[in-house]
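Structural features, examined
Residues per chain are reported as follows:
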Amino acid sequence: MTTKKSTASKTPQRTMELNEPQFVGSYVREMVEVLTASALSGEWASVLGPPGFGKSDIADAVAREMLPTPEEQYLLIEVEPSTPPSRIVGMDDPASILDPNLRNADGSIKRIIAGTPYDSRTQIVCLDEMYRGNDAFHDACIPMLRLSKQTGKIVWATSNFVVPGERLNAVIDRFPLWYHIHPEFLDARQIVGAHLRDIGNGGLALPCSVPDWAVVQEVRGMKVGEQAAECISDLIETLSQEASQQGIRPNPRLQKQWAYLVFRVGAFHAGSNDFDSVPKEAARILRYAFPAIDAATSAKWMQIASSIVDAVGAAVDTVMHEAKTKYDEVMRIKDPQARVAKVGELGQFLAGAQATLKQVGGKDPRVAESISTIKNWLGNALVGDDGSDDESENESED
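Structure report, in brief. The written sequence of each chain sets the order in which its residues are numbered from 1. Residues qualify for local features only when their pLDDT is at least 70, as the model is predicted, and side-chain atom pairs are given and counted only at 80 or more; totals for whole chains, interfaces and linings, by contrast, use all residues. By convention in this description, side-chain values take in all heavy atoms of the structure and omit both hydrogens and water.

What about the packing of aromatic side chains?
Quick note on the threshold: Put simply, two rings from Phe, Tyr or Trp (the six-membered ring, in Trp's case) pair if the centres are within 6.5 Å, and we call them stacked under 30 degrees between planes, edge-to-face over 60, tilted for the rest. Helix and strand labels come from DSSP, where a helix needs a run of H or I of at least four residues and a strand needs a run of E of at least two; each type is numbered from the N terminus. Three labels apply to residues, based on accessible area from a 1.4 Å probe with only protein chains included: buried if under 20% of the type maximum, exposed if over 50%, partly exposed otherwise in between. Charges are assigned to positions over rings by a cutoff of 6 Å between ring centre and Lys NZ or Arg CZ, combined with an angular limit of 35 degrees from the ring normal.
Within this structure, the stated rule accounts for seven aromatic pairs. Taking 4.8 Å as the distance between ring centres and 20° as the angle between the ring planes, the aromatic pair formed by F290 and W301 counts as stacked. Within this pair, whereas F290 is found in the loop between α12 (280–284) and α13 (295–309), its partner W301 is found in helix α13, the two being separated by 11 residues in sequence. An identical accessibility class is assigned to F290 and W301; each is buried. Sitting above the plane of the F349 ring, K326 keeps its charged end 5.2 Å from the centroid.

Quick look at the pattern of salt bridges
Note the threshold: The rule for a salt bridge is simple: a side-chain nitrogen of Lys or Arg has to be within 4 Å of a carboxyl oxygen of Asp or Glu.
Summed over all chains, the structure comprises 11 salt bridges. In this structure, R132 engages E80 in a salt bridge whose closest nitrogen and oxygen atoms are separated by 3.4 Å. Here E80 lies in the loop between β2 (74–78) and α4 (86–89) and R132 lies in the loop between β5 (124–128) and α6 (135–151), a separation of 52 residues in the sequence. Linking R111 and D92 is a salt bridge whose minimum nitrogen-to-oxygen distance equals 2.7 Å. A residue pair is termed long-range when its members are at least 10 positions apart, and R111 in strand β4 (residues 111–112) and D92 in strand β3 (residues 91–92) qualify at 19 residues. Residue R111 is classed as partly exposed on the basis of its relative accessible area of 42%. What makes D92 partly exposed here is its relative accessible area of 33%.

Digging into the side chain of H138
Put simply, the rule reads: Distance and chemistry together define a polar contact, namely a pair of N or O atoms within 3.5 Å, with one atom able to donate a hydrogen and the other to accept it when in protein, and with adjacent residues in sequence counting only for side-chain atoms on both sides. Should any heavy atoms of two residues lie within 4.5 Å, those residues are considered in contact.
Within the element layout of this structure, H138 appears in helix α6. There is a polar contact of 3.2 Å between the side chain of H138 and the backbone oxygen of M130. Every residue in contact with H138, bar those within four places of it in the chain, is listed here: M130, Y131, G133 and R167.

Some words on the nonpolar core
Across soluble globular proteins, you tend to see nonpolar side chains buried next to one another. What counts is decided by this rule: What makes a nonpolar core is a set of buried Ala, Val, Leu, Ile, Met, Phe, Trp, Tyr and Cys residues whose side-chain atoms join them at distances within 4.5 Å.
Grouped together as the largest cluster of nonpolar side chains are 72 residues, with contacts concentrated most on I58, V62, I124, W156, L177 and W301. By residue number, the principal contributor to this core is helix α1 (residues 26–41), which donates nine residues. Look past the residues within four positions of W156 in its chain and what remains in contact with it is L35, S38, A45, A59, V62, A63, I124, V125, C126 and L127. Of all hydrophobic cores here, the second largest spans 24 residues; its members include W44, L48, C141 and V155.

Quick look at the layout of surface pockets
To keep things clear, this is the line we draw: Cavities and pockets were defined on a 1 Å grid built over protein atoms only: a cavity is a set of grid points that admits a 1.4 Å probe from which the probe cannot escape, a pocket is an open set flanked by protein on both sides within 12 Å along at least five of seven lines, and lining residues are those with an atom within 4 Å of any such point. Grid points are joined across faces, edges and corners, and a volume is the space filled by probe spheres set on the points. Note on residue categories: nonpolar means Ala, Val, Leu, Ile, Met, Phe, Trp, Tyr, Cys or Pro, charged means Asp, Glu, Lys or Arg, and polar means any other residue, Gly included.
Volume-wise, the largest pocket comes out at about 1300 Å³. Lining the largest pocket are 35 residues, and of these H182, P183, D317, M320 and H321 sit closest to its centre. Elements supplying a minimum of two residues to the lining of the largest pocket: α1, β7 (177–180), α13, α14 (311–331) and α16 (365–383). Looking at the lining of the largest pocket element by element, the count peaks at 12 residues for α14. Partitioning the lining of the largest pocket into residue classes produces 13 nonpolar, 12 polar and 10 charged. Looking at the second largest pocket, its volume works out to about 720 Å³. Surrounding the second largest pocket, 28 residues form its lining, E33, C208, H269, E281 and R284 being those nearest its centre. If you tally residues by element for the lining of the second largest pocket, the top one is α1, at eight residues.

Focus: the state of the cysteines
Worth spelling out the cut-off: The disulfide definition used here is simple: a pair of cysteine sulfur atoms within 2.5 Å.
On inspection of all chains with the given rule, the structure shows zero disulfides. C208 takes part in no disulfide bond, and the closest cysteine sulfur, belonging to C126, lies 17 Å away. The exposure class assigned to C208 is buried, which follows from its relative accessible area of 17%.

Some thoughts on helix α9 (residues 213–220)
Most of α9 sits out of view: six of its eight residues are buried. Buried within α9 are the following residues: W213, V215, V216, E218, V219 and R220. Two to three positions downstream of the cap, the backbone nitrogen of A214 sits 3.2 Å from a side-chain oxygen, assigning the N-cap of α9 to D212.

A closer look at empty space enclosed by the protein
Tallied over the full model, the rule gives two cavities of 30 Å³ or more. Of the pockets and cavities examined, the largest cavity occupies roughly 40 Å³. Considering each element in turn, the lining of the largest cavity owes the most residues, three residues, to α13. Among the residues forming the lining of the largest cavity, the class breakdown is six nonpolar, one polar and one charged. Space inside the second largest cavity adds up to approximately 30 Å³. Each residue belonging to the lining of the second largest cavity can be placed in one class, and the counts come to four nonpolar, one polar and one charged.

Written out as structure tokens, the structure reads:
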């Protein structure tokens, strides 16, 4: 097979302006990574998390950065319990109801589909708070999702929660990417400063670049090279075996989705349709490639996948979990003298945690972000401030 080189790696990325107001938090980069993988692969993504973390705003920013004419190609549907099915399927054209001459050739009534997922101009659909919709709305979504897969449209869903049930089961495996936002300590000063600088500017910027739509289409048109097929198969076979040992048996549909994700994200980062080892960015996306509708299932899958595809991420998760546990223990101590003794022990542990993180992946941005978080925890412990005031402020960002 002839290796096809992509222009993806040569595509100029938007240059961030100095002090440009941006979204704050490590979860933002992860969410952008998931949505970008969704667009590149043609597979869909669902983002879950508590209110106030800007899920729909981040999705909007990714789409507007990616699409050449987002005002026509991006459709945001804000779903409420009362949202009618017509927001998905459109509505009957009143003129064709009244005048038979204005109907379709077969005599059927025309439908107005402008501003719906059936609009031919639409390339990315975001169903904001999708799982709040009523039964009729969800019933309308199912054929739309089938058609969108056939036509190559991208569908993203965001929500604060998921309600289990038959209708969820009908759509759940059509979204192979599931990203859960976990509340984290965020710098209130950075958040406030970003929003104040953004006044009059039209929205916060992304902290990282995304490919433009021409590159997305180029990658999605590639055919897999022989070496790439071999190393992707090896990776997915290993992951499937590990998952089975942990009591999770991936079905053929999910394995197919994994293959599309890894190949197309890999082709984008490698700049070619053929590569002899899976790019780490492509392997890492498998941490989110499981229909985990709750945080516990998501955490279990992340642990399984990270052990295979992301050694640095697994190390970061392990160290940060232990560090957070020790930090919480210190913050629960009310007696000042007892706290001082424990703060010293915490400081020694956190210093060791920083050294460990630098050793396993010193250049990985997640390491720098984790070390910054650890320093914040130590500062809070020294002054006896658990950051709860900052957390309440964080929830205003949406």
